[in-house]
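The residues making up each chain are set out below.
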Amino acid sequence: MPAITADTLTLPRIAAAQASETERPVRSITTGPRGYEGEGFPVVRAFGGVSAADLDPFVHMDQMGEVEYQPGEPRGTDWHPHRGFETVTYMIDGRFAHQDSHGGGGLITDGATQWMTAGSGILHIETPPAELVESGGTFHGIQLWVNLPKKDKFATPRYQAIEGPDAKLLSSQDGGALVRIIAGEIDGAQGPGNTHTPITLAHATIEPGAQLNLPWNRDFNSLVYVLSGRGSVGPVGHPIHQGQLAVLGPGDRITVSAEGTQDSHRPAMEVLLLGGRPIREPVFHYGPFVMNSKSELIQALEDYQAGKFGQIPPNALMPHRPLN
């Protein structure tokens, strides 16, 4: 799991808890169901079975892979529309090519994030590059959908390329955990992501037997998703493992601990930490559209069919399929 690595002993340490701070308790732990997305790549539906109120301002999250593809097996998506929210694609291991109808595009690779604000409407494709399809290889990432408040639903589409080294790096108090802040703020350190909706998004690697305890904005909700490995979460140490999501209650700090022994092919516990200020507006979600009313969903579909989301560019990126 390459992402971005660093010597934690050289990084700023997260401050220890103050006597006045409280730990966020665990409200629920759920196991994400497995499925397939796009042209057939495997995903874990990380938010499956969790109430929309607990997720707000997030709408949807897939863990893509972790899978070791054989030659000819890698799959992505074809061109598709979005409106009313932001898509965040974080590649932990492997490569994903993307392009949109507003001029954005590029290659997302180990530790990089593609942050796309769909806003008023955009067409988009994400697909493994041709060379990965031909050769096969490791593919592992996250796609997160962040809702936009009503006032920003029709914002001008924009794209942010956040390369792996752009992430702000911190170390846990015991030096056993590396925290990569992609967006938002932790202990005074600010991630590079520029978001319409106030959120925090971070990826932490916790070595066997180590503990991560970090401050969290009291105004934000708090979710901990285990990408790999196993350990415990919360002040009383609820067991949690790969593919599970913990929803935490109110408080000032989050605690996640890695078990002392991990599987040989998963040397550390990997977790995604995310939360944001709830929008608390009606959510009408249909396919690639996230709006505030049924009538807005209908309008989004009609606008897409009328070509108002832009056009697929000439010589556009297309899914690569081997001849054999």
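Quick caveat, the model's predicted, so the values are computed rather than measured. (Residues numbered from 1 in each chain as written. Predicted model: local features only at pLDDT ≥ 70, side-chain atom pairs only at ≥ 80, totals over all residues. Heavy atoms only, no water.)

Participant: Help me understand the pairing of strand 9 (residues 113-117), please; the structure alone is not making it clear to me.
Facilitator: The side chains of a regular strand alternate between the sheet's two faces. Taken across its five residues, strand 9 has five buried, putting it largely inside the fold. The alternating pattern of strand 9 places Thr-113, Trp-115 and Thr-117 on one face and Gln-114 and Met-116 on the opposite face, and all of these are buried. With five bridges connecting them, strand 6 (residues 85-93) and strand 9 associate as antiparallel partners. Across the sheet, Val-88 pairs through a bridge with Trp-115, a residue of strand 9. Two elements, strand 9 and strand 12 (residues 158-162), share five bridges in a ladder whose sense is antiparallel. Counted as the bridge partner of Thr-113 is Ile-162 from strand 12. (Buried < 20%, exposed > 50% of the residue type's maximum accessible area, 1.4 Å probe, protein only. Helix = DSSP H or I, 4+ residues; strand = E, 2+ residues; numbered from the N terminus. Pairing = 2+ DSSP bridges.)

Participant: Looking at this structure, how should I read the nonpolar core?
Facilitator: Nonpolar side chains in soluble globular proteins tend to be buried together. In this structure, Val-179, Ile-206, Leu-212, Val-224, Val-256, Val-271 and Leu-273 are the most contacted members of the largest nonpolar core, which totals 28 residues. When residues of this core are traced back to their parent elements, those giving at least two are strand 14 (177-183), strand 17 (199-206), strand 18 (211-215), strand 19 (222-228), strand 22 (244-248), strand 23 (253-258) and strand 24 (269-276). If we ignore the near neighbours within four places in the chain, the residues touching Val-256 are Ile-206, Ala-210, Gln-211, Leu-212, Val-224, Ser-232, Val-233, Met-269, Val-271 and Leu-273. (Core = buried A, V, L, I, M, F, W, Y, C linked by side-chain atoms within 4.5 Å. Contact = heavy atoms within 4.5 Å.)

Participant: Help me out: how do you make sense of the layout of surface pockets in this one?
Facilitator: Gaps between atoms show up when a probe of the same size as a water molecule is rolled over them. Approximately 280 Å³ is the volume attributed to the largest pocket. Those elements giving two or more residues to the lining of the largest pocket turn out to be strand 3 (41-45), strand 4 (58-69), strand 5 (80-82), strand 10 (122-127) and strand 11 (137-147). When residues in the lining of the largest pocket are grouped by element, the largest group, three residues, is from strand 4. Its residues assigned to classes, the lining of the largest pocket shows five nonpolar, seven polar and five charged. (1 Å grid on protein atoms, 1.4 Å probe; cavity = no way out; pocket = protein on both sides within 12 Å on 5 of 7 lines; lining within 4 Å. Points joined across faces, edges and corners; volume = space filled by probe spheres on them. Nonpolar A, V, L, I, M, F, W, Y, C, P; charged D, E, K, R; others polar.)

Participant: Looking at this structure, I do not really get the UniProt feature "binding site: Fe cation" (unreviewed entry) in the protein chain. What am I missing?
Facilitator: UniProt's entry tags His-80, His-82, His-124 and Glu-126 with the feature "binding site: Fe cation" (unreviewed entry), counted in the numbering of this structure. A maximum C-alpha distance of 12.8 Å among these annotated residues, which run over 47 residues, shows that they cluster at one spot. Those annotated residues lining the largest pocket are, specifically, His-80, His-82, His-124 and Glu-126. Structurally, His-80 is set in strand 5. Beyond its immediate sequence surroundings of up to four residues, His-80 is in contact with Ile-122, Leu-123, His-124 and Ile-125. At 2.8 Å, the side chain of His-80 and the backbone oxygen of Asp-78 are in polar contact. Tracing the sequence through the fold places His-124 in strand 10. Other than its neighbours up to four places away in sequence, His-124 contacts Asp-78, Trp-79, His-80, His-82, His-98, Gln-99, Asp-100, Gln-114 and Met-116. (UniProt positions renumbered as here; feature names shortened; annotations may be inferred. Polar contact = N/O pair within 3.5 Å; in protein donor to acceptor, adjacent residues only side chain to side chain.)

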